[in-house]
Amino acid sequence: MIDKQKKAEIVNRDSLLQEQFNGAIVFLNEGEFEYSVQSFENAIQTIELGGLVDNNLIYRTYVNFGVLLNRVGDRKRALEFYNKAEAFTLKIFGKSTPKLIPIYVNKGNIFNNYGDLIKAQTYYEMALSLLEVDGDSKWLSQIYNNLGVNLYKKQKYSEALKYYLKTLNVKEESNSQNLSSTYNNIASCYKKIKNYEAADSYYQRSIKEIIKMHNTDYYLLGNCYLNYAVFQNEMKNNTNVLPYLNKALVIYSSSFGYKHPDTAHCLKNFGDFYSKSNDHLNALKYYQKALIAELDNFNNSTVYVNPFMEEIDPQLSILEILKPKANTLKELYSKTNSISDLDFSLQTYDLCLDIIDKIRIAYQDEESKFALSKNEKETYNQAIEIAANLYKLTKDKKYKEKAFRYSERSKSASLLSSLNDVNAKDFGGISAELQEQERNLKLSISKYRELVHEERRMQVPNRDSISSWQNVLFNLNEEFTSMVLRFEKDFPEYYSLKYDTKTISIKDLQNKLGQNDLLIEYSISDSALFSFSITKDSLDLKRQVINKDSFDYHLEEVRSCLKTNDFTTNSTDYYRRYTKSAYHLYQNLLKDKESLCIGKNLLIVPDDKMAYIPFGVLLKQEADSTLMNYRNLEYLIKDNTITYNNSATLGFKKHSKSYGFSFSKSVLAFAPSYNDVNDSILISERAYRDKLYPLPGVKEEVINISKVMPGDLFVDDLATEANFKANSSTYDVLHLAMHTIIDDENPMYSKLVFTQNSDSLQDGLLNTHEIYNMNFNARMVVLSACNTGDGKLLKGEGVMSLARGFFYAGCPSVIMTLWTVEDKTGSNLMSNFYTFLSKGLKKDDALRQAKLEYLQTADALKSHPYFWSGYVTLGDVEPLYDNSLFTKLMYIASGLIGIILLVLIALKMKIRRTVSLS
C-alpha cells in the first residue's frame, strides 16, 4: 500500500514538473517573460523537493531556465543555472553526451557578452567537438554563428563573415526558417569592411524575413530595426535614424519592459544620435535613461548623477553607456565653458576606469585581459586629457595628480593585476601546497595550449590530435575556474588583496625616489603627448600637440637604423636618417626638461612605440650629417644613467630582494651550444628563417663573468632547459646567453633556445608562458640573448617580451636586449657590466659605465649604437653589493668582533681546563 502511494507521488511530481515546464515554455514562446520566469521558478522548487524520475525533464528545465534568464538580462543567474545543468548532465549522462552542446553554447554566449572572448571561444569549440558525434545541423549553424560573433568582437570582420556565410549555408541546406539573424550578422560584417551596398541589402532582407515568419511586434525584430538605425546613422542618413530607433524601442519595451539590457542598448543609441547631432542635452537625457534601464537598482533621471560602484555589476554594456555620456559632457563644456561640466565628465570617466579594473580582474585568461587593455586605452587617454585641461584651468594640483594616476592605470594593467594575484596568494592565507597545485594546473594548461598552437601551424594539422588536446584543455580550464572560485570564497583576505587595484600615489612615489632620481612618465594619444616629470619634491605635467604619424615615423627610423647589422650598404644614408630622427625625438621628449635632467638618474616609463628604443641614443645636439662619426655624437647616455619601468607602480612594487652584507652572491649562467642543430625541432616560420648558428662568444662571456663573480656555469651540453628548471630557483643572479625565437603574433610562445638534446620531457625551448608559471628568487636576471626586450606591442600593455615573463615570475630586475646582439661585443659589454656591479654600482650605472668604456675604445665601425646600446635595464636598479665605506667598516667591525669572541672563548676554555686540573 505504501509502495503504491510512493509511486503515485513520484508520478504526480513528474507530472507536475512537466506541467510547469510546458507552461513556462508557452509563456517564453509568446514573449510573456515575467510569467515564464515564475513558471520556471515553480519548476525549480519541484526539482529541489526531490523524488523525480525523469532526468531528461530536469535537464531541460535547467537549460531552458538559463536561456530565459539570459533573454531577460539576468546573465549572472543564467550562468548559475547553466552550471547546474552542466554538473547534473555530467553526473547523469556522462561527459560525451550531446546534451552538453546547448549548455556549452549558452555558456559561451554569456562569456561573449562579458567580453571574455577566449573563454567563450573555448566553450564553442568544445560544443563543436561534441557535435562531430551528434551532427545536429541546428546546433552546427548556431555554433558557426557564435564563433562569428566571437571573431566580430575581436574585430576580425573578414573571418567573422566566413563563419556567418557558413551558418547561412547550413541553414539553407536544412531548410531552416530562421534566416533573419544571420542576414543581420552578415550585414554588420559588410558594414565593417566598407561594402555598404551589400550591408544595406542584407539589413533589409533581415527585416523582411522576420516580418514574414513572425509579426511586426516579435521581439527579435527589435534587433533588426536597431542595427539598421545604427547603420543609417553611420551613413549620415539622419532622416531614417529616429524612425527605426523608435520602432526598436517600442518592441523592446513591450517585450521586456523598461529594465532590460536590450532596451538600454536602444536608448544608448538614441543618445549617440543626438550626440552626433550636437544636441548634447538630449543625448545626456537618453544616456541617463539607458543607465536606468541597464541597472536594477538605479533610477535617478538627473544627468549629473551617476550610479555608485556598489550598484553596478561590472560589464562592458555599462561602459558603452558611460563612456559616451562622459564624452558628451566634455563636448557640452566646449559650449557652456562650465568647469562643472568638465569636472563631471572626469567623474564619469573615473567610474568607467573602476569598471574596467573590475572586469579585468574577473577575466582569468591573459589574452582577454590584453584585449580589454587594447580596447580601453583610449578611455584612459580621454581621462588624462580632461584632467590635464582641468589642471590648466584651475591650477588645482589634484587634477595633475589624477592625470598621473590615470596614466599609471593605463600601463601594463594586466601585468599589475597578475602580480596582485600572486601577492594575494602569498599573503592571503593560501597554503604552499594549494599554490603548488594551482601552478601545476596552469603549467598543464600552458602545455596543452602549446600543443594545439604548434599543431595548427603544421602544413597539414592533425585535427584528431587538436580535438583531443582541446578536450583535455577544456577540462583543465574548468578545474582551474573552480579552484579560483574556491580561493575567493574560502580565503577572504586573498579576495580583498586580489581586487585591490590601487596604483602608487605621487606622495609614495616621491618618498621612494632618491635625491638624484628623475622619473619621466609618458602617455601618448593620437594628438597629444603628455609627460610627467617627478622628483623627490616636484611634479610637473606637460602637454604638447604632436602629429602621431610623424612621431611614430621618427621612432621607427631610429629603431630601424639601430637594428641594422648591414653597415656596408647605404651607411651614409643610415647615419643621416638616424642622427636626424634621434635629435628630433630628443627635442620632443626631453628638450623642455634639460634643466631637470642635469645630474639626474633618469627612470623612464615609456608609452606605445617609445618602448622599442633606448633613450640613451637620443642626441642632445644636431649632428653634422656630412661627417660620419658615431663615437663623438652627443648621446644622452653620456650625461645620464637611464633605466626603464613598465609603470611607476610596478617599478617600486617589489624591493624585498635588495642587496645584503655578503660578497659571495652566486650567479647561475647558461651558454648553450648550437652545433649540428636540426631545424626540424622548430615549428615556427621565423625559426626556419633565423638559423641557429653557433655563438662562440657566449661561452667566453659566462667564463669571464665567473672570474668576476662566484657562481655556476652550465655550458654546451649541460646548458639544457631541464637543468635550468632544476636549478634556477636557488640562485641570486640568472644569466642567459643564448638564441631566442620571437613570435610576434603569439608573444606567449616566444622562446629561449637551450642546448637541444633527446630529453623526452623538455624540448629545449622555454616559452614565455612557461616562464610566467615559474617561481624565481633571483634579484636580477640578465637576458643576454637576442631581442629579449622586443616583441609585439599591445596598446595599454606595452611590449609582450620574454623579459616581461621573468618580471611576472618574481624577478624585480631584468637586463634585456632590444634587438639582435652582436656576439663578441655582447660578451665584452657583459664582462664589464659585471665588473662594475662587483664594485657596488647600481645596475643602471654599471651598464652605463660598461657602454661608455666600450664606446671610448671602439673603432669607427664598432662605435655604431647597434653594437653597444641594445642592452637596457628594467625594474629595480639597486646594487647587488654595497661597497660603501660604512658597509666596509661594518664588515671589518664584524670580523674584529668575531676574532675577539674566538679569543675570549679560547681563554675561557683554557681557564676551565686550569681549574679542573687543580
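Along each chain, residue indices are assigned from 1 in the same order as the chain's sequence is written. It should be noted that, the model being predicted, local features are given only for residues of pLDDT at least 70 and side-chain atom pairs only at 80 or more, the latter also being counted only at that level, while totals for whole chains, interfaces and linings use all residues. Excluded from the side-chain calculation are hydrogens and water; included are all heavy atoms of the structure.

> Before we move on, can you summarise the overall build of the chain with the specific residues and values?
Numbered from the N terminus, helices here are DSSP runs of H or I no shorter than four residues, and strands are runs of E no shorter than two. The number of helices and strands found in the chain is 36 helices and 16 strands. Taken across its 918 residues, the chain has 54% of its residues classed as buried. Carbon and sulfur atoms provide 51% of the accessible area of the chain, an area that totals close to 40,500 Å². Only protein chains enter the accessibility calculation, which uses a 1.4 Å probe; a residue whose area is less than 20% of its type maximum is buried, one above 50% is exposed, and one in between is partly exposed. The accessible surface values rely on the Shrake-Rupley method and a 1.4 Å probe; as for residues, cover is taken only from the protein chains in view.

> Just give me the short version of the sheet that holds strand 11 (residues 765-767), but keep the residues and values in it.
If you walk across this open sheet you meet the 3 strands as 9-10-11, and the pairing is antiparallel. Two strands lie at the open edges of the sheet, namely strand 9 (739-741) and strand 11, each paired on one side alone. Adjacent strand axes in the sheet meet at a mean angle of 25° when their direction is disregarded. Both strand 10 (residues 751-753) and strand 11 contribute to a ladder of 3 bridges, which runs antiparallel. We call two strands paired when DSSP finds no fewer than two bridges between them. Comment: axis = line fitted to C-alpha atoms, over the contacting stretch for helices; angle = value between 0 and 180 degrees taken between N-to-C directions.

> An account of the pairing of strand 16 (residues 871-875) is requested, with residue identities and associated values reported.
Burial analysis of strand 16 places 5 of its 5 residues in the buried class, which makes it a mostly covered element. Inspection of the sheet shows strand 15 (residues 813-817) paired to strand 16 by 5 bridges, in the antiparallel sense. Bridging across to strand 16, Ile-815 finds its partner in Thr-873.

> An account of the confidence of the model for the chain is needed here, citing residue identities and associated values.
Residue-level confidence of the predictor is what pLDDT reports, using numbers from 0 through 100. Across the chain, pLDDT averages 85, with 89% of residues at or above 70. Working rule for contacts: check all heavy atoms of both residues, and any pair within 4.5 Å makes them a contact. Here residues 655-664 scores under 50 on pLDDT; set against residues more than four positions off or in separate chains, the count is 28 contacts.

> So, empty space enclosed by the protein: which residues are in play, and what are the values?
The gaps left among the atoms become clear once a water-sized probe is rolled over them. A cavity here means a set of points on a 1 Å grid, drawn over the protein atoms and nothing else, where a 1.4 Å probe fits but cannot get out; a pocket is an open set with protein on both sides within 12 Å along at least five of seven lines, and a residue lines either one if it has an atom within 4 Å of a point. Grid points are joined across faces, edges and corners, and a volume is the space filled by probe spheres set on the points. Enumeration over the complete set of coordinates arrives at 5 cavities of 30 Å³ or more. Approximately 140 Å³ is the volume attributed to the largest cavity. Together, 14 residues line the largest cavity, and Asp-357, Arg-360, Ala-413, Leu-416 and Thr-501 are the ones closest to its centre. It is helix 19 (residues 413-427) that contributes the most residues to the lining of the largest cavity, 4 residues altogether. Partitioned by chemical class, the residues of the lining of the largest cavity number 3 nonpolar, 4 polar and 7 charged. Amino acid classes used here: Ala, Val, Leu, Ile, Met, Phe, Trp, Tyr, Cys and Pro are nonpolar; Asp, Glu, Lys and Arg are charged; the rest, including Gly, are polar.

> An account of the nonpolar core is needed here, citing residue identities and associated values.
Among buried residues, those of type Ala, Val, Leu, Ile, Met, Phe, Trp, Tyr and Cys that are joined through side-chain atoms within 4.5 Å constitute a nonpolar core. Core analysis: the biggest nonpolar cluster contains 140 residues, and Tyr-104, Ile-355, Leu-509, Leu-519, Phe-532 and Ile-534 have the highest contact counts within it. Ranked by residues supplied to this core, first place goes to helix 16 (residues 339-362) with 9 residues. The contacts of Ile-534, once residues within four sequence positions are left out, are Phe-404, Ile-506, Leu-509, Gln-510, Leu-513, Asp-517, Leu-518, Leu-519 and Leu-539. By size, the runner-up hydrophobic cluster in this structure holds 104 residues, among which are Leu-518, Phe-615, Tyr-644 and Ala-850.

> So what's going on with the packing of aromatic side chains? Which residues, and what values?
Working definition: a ring pair exists when centres of Phe, Tyr or Trp rings (six-membered ring for Trp) sit within 6.5 Å. Plane angles under 30 degrees give stacked, over 60 give edge-to-face, the rest tilted. For the coordinates displayed, the defined rule picks out 46 aromatic pairs. Geometrically, the ring pair formed by Tyr-274 and Tyr-286 is stacked, given 5.6 Å between the ring centres and 20° between the ring planes. Here the residue Tyr-274 occupies a position in helix 13 (residues 261-276), and Tyr-286 occupies one in helix 14 (residues 280-294), the gap between them amounting to 12 residues. Note that Lys-99 overlies the ring of Phe-93, its terminal NZ or CZ placed 5.0 Å from the centroid. For the cation-ring pair, Lys-247 lies above Tyr-244, with the distance from its terminal atom to the ring centre recorded as 5.0 Å. In this analysis the charged atom, NZ for Lys or CZ for Arg, is taken to sit over a ring once it is within 6 Å of the ring centre and within 35 degrees of the ring normal.

> Explain the layout of surface pockets to me, using residue names and the numbers behind them.
In this model, the second largest pocket occupies a volume close to 1,400 Å³. In terms of lining, the second largest pocket is formed by 46 residues, of which the most central are Leu-79, Phe-111, Lys-119, Thr-481 and Leu-485. For the lining of the second largest pocket, the elements supplying multiple residues, two or more each, are helix 4 (75-93), helix 5 (100-114), helix 6 (117-134), helix 16, helix 21 (463-490) and helix 22 (492-498). Among the elements that take part in the lining of the second largest pocket, helix 21 stands out by supplying 10 residues, more than any other. For the lining of the second largest pocket, the per-class residue count stands at 23 nonpolar, 10 polar and 13 charged.

> Quick one: what's the story with the pattern of salt bridges, residue by residue and with numbers?
Definition used for salt bridges: Asp or Glu carboxyl oxygen within 4 Å of a side-chain nitrogen of Lys or Arg. Taken as a whole and judged by the stated rule, the model has 33 salt bridges. Here Lys-402 and Asp-350 are joined by a salt bridge, their closest N and O atoms 3.5 Å apart. Of the two residues, Lys-402 sits in helix 18 (residues 397-409) while Asp-350 sits in helix 16, which places them 52 residues apart along the sequence. Exposure remark for Lys-402: the relative accessible area of 18% places this residue in the buried category. Close ionic contact of Asp-608 with Lys-548 constitutes a salt bridge, the shortest N to O distance being 3.1 Å. Taken together, the positions of Asp-608 in the loop between strand 4 (601-605) and strand 5 (641-644) and Lys-548 in helix 24 (residues 548-563) put the pair 60 residues apart, joining distant regions of the chain. The exposure classification of Asp-608 matches that of Lys-548, with both residues buried. If you follow the salt bridges from partner to partner, you end up with Asp-354, Asp-357, Arg-360 and Arg-409 in one network.

> Give a detailed account of the environment of Leu-590, specifying residues and quantitative values.
Topologically, Leu-590 is positioned in the loop between helix 25 (571-589) and helix 26 (594-597). With 25 residues separating them along the chain, Leu-590 and Phe-615 place their C-alpha atoms 9.7 Å apart. Leu-590 has contacts with Ile-520, Tyr-522, Leu-585, Cys-597, Phe-615, Leu-618 and Leu-636, leaving out every residue within four places of it along the chain.

> Go over the packing of helix 16 against helix 17 (residues 366-394), please, and point to the residues and values.
The axes of two packed helices give the description: the angle between them and the distance between them. Look at helix 16 against helix 17: their axes get within 10 Å of each other, and the N-to-C directions meet at 155°. Relative to helix 17, helix 16 is oriented roughly antiparallel. Every pair of crossing elements has a handedness; the one defined by helix 16 and helix 17 is left-handed. A breakdown of the residues in the contact of helix 16 with helix 17 according to their chemical character gives 15 nonpolar, 6 polar and 5 charged. Note on terminology: angles under 35 degrees are roughly parallel, angles over 145 are roughly antiparallel, angles of 65 to 115 are roughly perpendicular, and the others are oblique. Two helices cross in a left-handed way if the nearer one is turned anticlockwise from the farther one by less than a right angle. They cross in a right-handed way if the turn is clockwise.

> I'd like a description of the side chain of Asn-767, backed by residues and values.
Looking at where Asn-767 falls in the secondary structure, it is placed in strand 11. Discounting residues that sit within four places of it in the chain, Asn-767 has contacts with Glu-450, Met-748, Tyr-749, Ser-750 and Lys-751.

> Would you mind going over helix 17 in detail, with residue names and values included?
What a helix is expected to span follows from its residue count: subtract one and scale by 1.5 Å. The end-to-end C-alpha separation of helix 17 is 40 Å, in line with the 42 Å expected for 29 residues at 1.5 Å each. One axis fitted to the seven residues ending at a residue, another fitted to the seven starting there: the angle between these axes is the bend at that residue. By the largest-angle criterion, Glu-376 marks the main kink of helix 17, which is about 45°. At the C-terminal side of helix 17, Lys-395 shows a positive phi close to 60°.

> Got a sec to walk through the environment of Ile-356? Specific residues and values, please.
For Ile-356, the position within the fold is in helix 16. Through-space distance from the C-alpha of Ile-356 to that of Ser-373 is 8.7 Å; in sequence the pair is 17 residues apart. Setting aside anything within four residues of it in sequence, one finds Ile-356 in contact with Leu-319, Leu-372, Glu-376, Thr-379 and Tyr-380.

> I'd love a proper account of helix 16, names of residues and values included.
For helix 16, spanning 24 residues, the distance from its first C-alpha to its last is 35 Å, which sits close to the expected 34 Å at 1.5 Å a residue. Within helix 16, 18 of the 24 residues are buried, which leaves it mostly tucked inside the rest of the structure.

> Account for the side chain of Glu-438, with residues named and values stated.
In this fold, Glu-438 is placed in helix 20 (residues 432-457). Other than its neighbours up to four places away in sequence, Glu-438 contacts Lys-425, Phe-480, Met-483 and Phe-487.

> So, the environment of Gly-108: which residues are in play, and what are the values?
Looking at where Gly-108 falls in the secondary structure, it is placed in helix 5. For Gly-108, a relative accessible area of 0% corresponds to the buried category. Along the primary structure Gly-108 and Ala-120 are separated by 12 residues, whereas in three dimensions their C-alpha atoms are 4.1 Å apart. For Gly-108, the residues in contact, after removing those within four places along its chain, are Ala-120, Tyr-123 and Tyr-124.

> Lay out unusual backbone geometry in plain terms, naming residues and giving numbers.
A positive phi is found at Gln-155, a non-glycine position, where the angle reads about 65°. Residue position: Gln-155 is located in the loop between helix 7 (137-153) and helix 8 (157-173). Among the residues examined, Gln-155 registers a relative accessible area of 42% and is labelled partly exposed. Residues other than glycine seldom take positive phi values, yet Asn-175 does so here, at roughly 55°. Mapped onto the secondary structure, Asn-175 falls in the loop between helix 8 and helix 9 (180-192).

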